[in-house]
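Here is how the chains run, residue by residue.
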Amino acid sequence: MIPMVDLTAQHADVAEEIEAGLKTVLSRGHFVFGPQTEALEKEVAAYLGTSHAVGCASGTDALHLALRALGVGPGDEVITSPFTFFATAEAICYVGAKPVFVDIDPHTFNLDPTLVEAAITPATRALLPVHLFGQPAPMEALMAIADKHGLKVVEDCAQSFGATRGGRATGTFGAAGAFSFFPSKNLGGYGDGGMVTTDSAELATVMRSLRNHGSGERYHHHTVGLNSRLDEMQSVVLRAKLKRIDRYNAGRRRVAQRYNEGLVGLPGLVTPAEDKAGLHVYAQYTLLVPERTQVMQALQAGGVACAIHYPIPLHKQQALAADYPGLSLPVAESVAARCLSLPMYPELTDAQIDQVIEAVRKAFAPASA
Ligand SMILES: *Cc1c(COP(=O)(O)O)cnc(C)c1O
């Protein structure tokens, strides 16, 4: 079976370095707020080209910390995408604000900037674009709208570590960028982890305090914060993988390229669109297919895993739907009904990629197979 993600393949590449680093951490007995995390924060900031990076416990917390630090709260509206992982909207709800969903571009599946202005109300405080599947959102247009209307921008970079647009890394356009180090992300640790980037020293200080119970000085708490920390062992793993992230992202692009070439000419099948404005790092390789059930069955028969990212747009999720009666976002709804993700990780071999392609093609020519 070819899985969606195979983390053991990547571990083999970094095992020696990680084992040595973990040994050091274990023998020093310093597990939280130590030199590894401090070094990782500096290395991530330098890699992305931002002034500050603040480690935290997850990508969800990274979004939460950024919104809290920017003062987004009850009564505020935050414009975001309905076609993303649930955590994007969850973080907005955590601070008591309301997610306002705007439809997506039918080709890139990112927030459609031409629809954003119409959704702005006097309550709008921020835009929260997602760089979905590793393709940067149209930040020039979104930043122009934000500047014109005095809105903050928080980028959801959970799927876009190392992606760039106009030569700039995602996470460096808005007031803050939120990254996830969940194991299956482009830069993944061996457990949960996250990081927030910002060019503002003030915002960084606030987030450092918020992630540590609203405390700067020990046992002095100036606000109610969170317990959201990135630990030393995760930081060892992430430092080793950060050194290799360009190679890993290039590997993902190689897989996507071979899929694209192998899947041409299938009626109704749409391979992922690159908008050419930036570097897409393929956190997911997501197709649109006409008969999803049929393709999924063919993949299973061919020994290939697949997944649906995402089957239900956020305004239709049970947890949120009551707040959006009658809201229709036709592009997001149509894409959710037709999308299908194929296995995607840098270590996929050409033979494995070809096995995936073969399985998809069979779904379109069952009689001649
Ligand atoms: C994974 C993900 C998150 C949440 O990250 P966690 O580290 O799992 O909390 C948020 N947004 C998007 C788009 C994601 O893919």
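Above this text is the structure in question.
The following paragraphs examine the structure supplied in this document.

So, on to the state of the cysteines. Cysteine pairs can be linked by a disulfide, which is a covalent bond between their two sulfur atoms. The final tally for this structure, using the stated rule, is 0 disulfides. Among the cysteines around C93, which has no disulfide bond, C56 carries the closest sulfur, lying 18 Å off. The class of C93 is partly exposed, set by a relative accessible area of 34%. Take C157: it sits in no disulfide, and the sulfur closest to it among the cysteines is that of C56, at 12 Å.

As a structural note, the neighbourhood of the ligand is formed by 14 residues, with G59, T60, D156, S180 and K185 the closest of them. In this structure, D156 approaches the ligand through a side-chain N or O atom, which is 2.8 Å from a nitrogen atom. Here an oxygen atom of the ligand sits 2.8 Å away from a polar atom, N or O, in the side chain of Q159. Here the ligand has 390 Å² of accessible area as a free molecule, and 92% of this is covered by the chains.

Read from one edge to the other, the open sheet built from 7 strands follows the order β1-β9-β8-β5-β4-β2-β3, with strand pairing classed as mixed. Among the strands making up the open sheet, the edge pair consists of β1 (52-56) and β3 (98-101). Strand-to-strand twist of the sheet, defined as the mean angle between neighbouring strand axes without regard to direction, takes the value 25 degrees. Bridging between strand β2 (residues 77-80) and strand β4 (residues 124-128) involves 4 bridges; their strand directions are parallel. The residue bridging E77 from the neighbouring strand is T124, located in β4. Contacts between helix α2 (residues 35-48) and the sheet are confined to β1, β8 (176-180) and β9 (194-198), with β1 contributing the most and set at about 135 degrees to the helix. Contacting β1, β8 and β9, helix α6 (residues 201-210) runs over the sheet at an angle of about 15 degrees to β1.

Looking at the element boundaries, T198 is found in strand β9. Its relative accessible area of 2% is what places T198 among the buried residues. Engagement of the side chain of T198 in a polar contact is seen with the backbone oxygen of A175, the distance being 2.8 Å. Discounting chain neighbours no more than four positions away, the residues touching T198 are T50, S51, H52, A175, L203, A204 and M207.

Turning to the environment of T172, a few remarks are in order. Counting through the fold element by element, T172 comes out in the loop between β7 (168-169) and β8. The buried category is assigned to T172, whose relative accessible area is 8%. Non-local contacts of T172, meaning those with residues more than four positions away in its chain, are made with L48, G49, T50 and E155. Polar contacts involving the side chain of T172 include one to the main-chain carbonyl oxygen of A169, which spans 2.6 Å.

Ordered by their spatial adjacency, 3 strands build an open sheet running β7-β6-β10, and the pairing between neighbours is antiparallel. The open sheet terminates on both sides in strands that have one partner only, identified here as β7 and β10 (278-279). Note that strand β6 (residues 164-165) and β7 share 2 bridges and pair antiparallel. From the neighbouring strand, R165 faces β7, where its bridge partner is R168.

Every buried residue of helix α4 (residues 87-94) is listed here: A87, T88, A89, A91 and I92. Looking at the buried positions of α4, the neighbouring elements they touch are α3 (59-69), β2, β3, β4 and β5 (152-156). Remark: G96 follows α4 within two positions and exhibits a positive phi of approximately 85 degrees.

Here we come to the pattern of salt bridges. According to the stated counting rule, one finds 15 salt bridges in the structure shown. For K243, the salt bridge is made with E17, and the minimal N-O distance between the two is 2.6 Å. Remark: E17 occurs in helix α1 (residues 7-28) and K243 occurs in the loop between α7 (232-242) and α8 (245-262); sequence separation between them is 226 residues. You can call E17 partly exposed: its relative accessible area is 28%. The shortest N-O distance in the salt bridge between E41 and R211 comes to 2.9 Å. Taken together, the positions of E41 in helix α2 and R211 in the loop between α6 and α7 put the pair 170 residues apart, joining distant regions of the chain. Each member of the pair, E41 as well as R211, carries the same accessibility label: buried. Here the salt bridges do not stand alone but share partners, grouping D13, E17, K243, R244 and R247 into one network.

Each packed pair of helices is defined by two parameters, the angle between the axes and the distance between the axes. Helix α11 (residues 350-364) packs onto helix α9 (residues 292-301) with a crossing angle of 135 degrees between their chain directions and a minimal axis gap of 8 Å. The angle between the axes of α9 and α11 places the two elements in the oblique class. Here α9 and α11 pass one another in a crossing that is right-handed. Two secondary-structure elements touch here, α9 through Q294, V295, A298 and L299 and α11 through V356, A359, V360, A363 and F364. For the contact of α9 with α11, the residue count by class is 8 nonpolar, 1 polar and no charged.

What counts as what
Residues numbered from 1 in each chain as written. Predicted model: local features only at pLDDT ≥ 70, side-chain atom pairs only at ≥ 80, totals over all residues. Heavy atoms only, no water. Disulfide = S-S within 2.5 Å. Buried < 20%, exposed > 50% of the residue type's maximum accessible area, 1.4 Å probe, protein only. Near = heavy atom within 4 Å. Polar contact = N/O pair within 3.5 Å; in protein donor to acceptor, adjacent residues only side chain to side chain. Areas by Shrake-Rupley, 256 points an atom, 1.4 Å probe, with all protein chains shown as cover. Pairing = 2+ DSSP bridges. Helix = DSSP H or I, 4+ residues; strand = E, 2+ residues; numbered from the N terminus. Axes fitted to C-alpha atoms, helices over the stretch in contact; angles between N-to-C directions. Contact = heavy atoms within 4.5 Å. Salt bridge = Lys/Arg side-chain N within 4 Å of Asp/Glu carboxyl O. Parallel < 35°, antiparallel > 145°, perpendicular 65-115°, else oblique. Left-handed = near helix turned anticlockwise from the far one by under 90°. Nonpolar A, V, L, I, M, F, W, Y, C, P; charged D, E, K, R; others polar.

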